[in-house]
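# Working through the structure, step by step
In case you want the letters, here they are:
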Amino acid sequence: MTDAPRSPRPAISCVMPAFNEAANLPVVLAEATQQLATLTDRWELIVVDDGSHDATPAAMLPWLTRPGVRYVRLSRNFGKEAALTAGIDRAEGEVVLLMDADGQHPPTLLPRMLEAWLRGADMVCAARASRADEGWRKRIGTRLFYRLVNANPSVQIPVDAGDFRLMDRRVVDALKSLPERNRFMKGLYAWVGFRNEIIDYLPAERLSGQSRFSMKSLTRLAFTGITAFTNVPLRLWSGVGALIALGAIGFGLWIVVAHVIAGHDVPGWATLVTSLMFFSGVQLLSIGILGEYVGRIFDEVKQRPVYIVRGEAGCGALDAPAEPNA
């Protein structure tokens, strides 16, 4: 089965999650809308305000009088994964772009992404060419994360590829059909499959402010990704339990043999206390890992919405005008 020919100037939706990016939005929106207008006559840029506490709503007001820009304001901060989901749910273009509002994703890369799509790629993701600008802890943590999450051979997440990507309509529809509440978007992009092409790039410096992703936030997101796409932690601790059991059997046999043959005294309370503390720690750690998976199940069965919209305003070139109510 062959794909239908693709239009060189398709309808494009650009989804841009934003959290406290009032200082960056005027510059980023100007660059992004200018680039979109050169690629097609039919485009929309959807800014998803993820519960910002700064002047983001005020920064958006001048743009809502112009056709092409839409504004979706969430009721609180649900996280970037939820904001991306809200934008994807509303994107109606043949092609959907995802990019950040901090200026680190260069709009000048969009023509290369569109060219790759025209050549047949269903998804084009931008991967960092280098992490030299990051600290050693983050680099080691990132390397360990990808090694763990890609232990599942059926779902391989491209290393160093973030949310900056272009997706065909088929990919977007597939993502919208997934019901997860604990959403790890990088894993979902890989899970749906389709033909993927990677473009290397170097992210620019933030225009203003600092990243809101702390080490704690990144660790939480990594746990979500690992528990959502691999059972390696459970299998690892099953293996650890088997090794400890074999070691305990061997140690018990050694004590019996030493006592019966050599007449050595059986080790006393110090050995017992040390062994109990060690095994208690192993058990608590394994229960904690199991609890992470059970907690994910608990979140899923509650079936709460991924996000709640406070209001929407503006209209894209693909939509009829909407009355501002944000």
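Structure first, text after, so check above.
Keep in mind that this is a model prediction, so the values were computed, not measured.

## Details of the nonpolar core
Residues Met16, Leu45 and Met113 are the most contacted members of the largest nonpolar core, which totals 36 residues. Ranked by the residues each element gives to this core, the list is headed by helix α1 (residues 25–39), at six residues. When neighbours within four sequence positions are excluded, Leu45 is seen to be in contact with Cys14, Met16, Leu29, Ala32, Thr33, Leu36, Gly68, Val69 and Arg70. Core analysis: the second largest hydrophobic core is formed by 25 residues, Val15, Val72, Val171 and Met185 among them.

## A few points about the sheet that holds strand β5 (residues 123–128)
Taken in spatial order, the eight strands line up as β7-β5-β6-β4-β1-β2-β3-β8 in an open sheet, and their pairing is mixed. Every other strand in the sheet has two partners, leaving β7 (196–201) and β8 (309–314) as the edge strands with one partner each. Strand-to-strand, the axes of this sheet are offset by a mean angle of 20°, without reference to chain direction. Pairing geometry for β5 and β7, over six bridges, is parallel. Counterpart to Val124 in the pairing with β7 is Glu197.

## What to know about the packing of aromatic side chains
Taken as a whole and assessed by the stated rule, the structure comprises one aromatic pair. Plain terms: the ring middles of Phe164 and Tyr201 are 5.7 Å apart, the flat faces sit at 75° to each other, and that makes the pair edge-to-face. With Phe164 in strand β6 (residues 161–168) and Tyr201 in strand β7, this pair connects stretches of sequence that are 37 residues apart. Across this residue pair, the class does not change: Phe164 and Tyr201 are buried. When the ring centre of Trp63 is taken as origin, the NZ or CZ atom of Arg66, which lies over that ring, is 4.2 Å away. If you follow Arg76 out to its NZ or CZ, it ends over the ring of Phe78, 4.0 Å from the centre.

## Side note on a nonpolar patch on the surface
Judged by side-chain polarity, Leu243, Leu246, Ile249 and Leu253 come together as a nonpolar surface patch covering roughly 460 Å² of accessible area. Inspection of the secondary structure assignment puts Leu253 in helix α9 (residues 232–262).

## With respect to the environment of Pro26
Relative to the elements of secondary structure, Pro26 occurs in helix α1. On the accessibility criterion, Pro26 (36% relative accessible area) is partly exposed. Distance from Pro26 to Trp63, taken between C-alpha atoms, is 8.8 Å for residues 37 residues apart in sequence.

## Quick notes on the side chain of Gln35
Of note, Gln35 is situated in helix α1. If near-sequence neighbours (up to four positions away) are discounted, Gln35 is found in contact with Pro107, Thr108, Leu110 and Pro111.

## Remarks on the packing of α1 against helix α4 (residues 110–118)
At a minimum axis separation of 10 Å, α1 and α4 run at an interaxial angle of 35°. Of the two possible hands of crossing, α1 and α4 adopt the one that is right-handed. Between α1 and α4, the contacting residues are Gln35, Leu36 and Leu39 on the first element and Leu110, Pro111 and Leu114 on the second. Considering only residue class, the contact of α1 with α4 consists of five nonpolar, one polar and no charged.

## So, the environment of Pro10
Note that Pro10 resides in the segment before β1 (12–18). Taking the C-alpha atoms as reference, Pro10 lies 8.3 Å from Asp41; in sequence the two are 31 residues apart. Non-local contacts of Pro10, meaning those with residues more than four positions away in its chain, are made with Thr40, Arg42, Glu94, Val95, Leu114 and Trp117.

## Topic: the environment of Asp122
Positionally, Asp122 belongs in the loop between α4 and β5. With 49 residues separating them in the primary sequence, Asp122 and Val171 have C-alpha atoms 7.0 Å apart. Discounting chain neighbours no more than four positions away, the residues touching Asp122 are Arg6, Leu166, Met167, Asp168, Arg170, Val171, Phe194 and Arg195.

Cut-offs used in this document
- Residues numbered from 1 in each chain as written.
- Predicted model: local features only at pLDDT ≥ 70, side-chain atom pairs only at ≥ 80, totals over all residues.
- Heavy atoms only, no water.
- Core = buried A, V, L, I, M, F, W, Y, C linked by side-chain atoms within 4.5 Å.
- Buried < 20%, exposed > 50% of the residue type's maximum accessible area, 1.4 Å probe, protein only.
- Helix = DSSP H or I, 4+ residues; strand = E, 2+ residues; numbered from the N terminus.
- Contact = heavy atoms within 4.5 Å.
- Pairing = 2+ DSSP bridges.
- Axes fitted to C-alpha atoms, helices over the stretch in contact; angles between N-to-C directions.
- Phe/Tyr/Trp six-rings, centres within 6.5 Å; stacked < 30°, edge-to-face > 60°.
- Lys NZ or Arg CZ within 6 Å of the ring centre and 35° of its normal.
- Patch = residues over 30% accessible without salt bridge, like charges linked within 9 Å, V, L, I, M, F, W, Y side chains within 5 Å.
- Areas by Shrake-Rupley, 256 points an atom, 1.4 Å probe, with all protein chains shown as cover.
- Salt bridge = Lys/Arg side-chain N within 4 Å of Asp/Glu carboxyl O.
- Left-handed = near helix turned anticlockwise from the far one by under 90°.
- Nonpolar A, V, L, I, M, F, W, Y, C, P; charged D, E, K, R; others polar.

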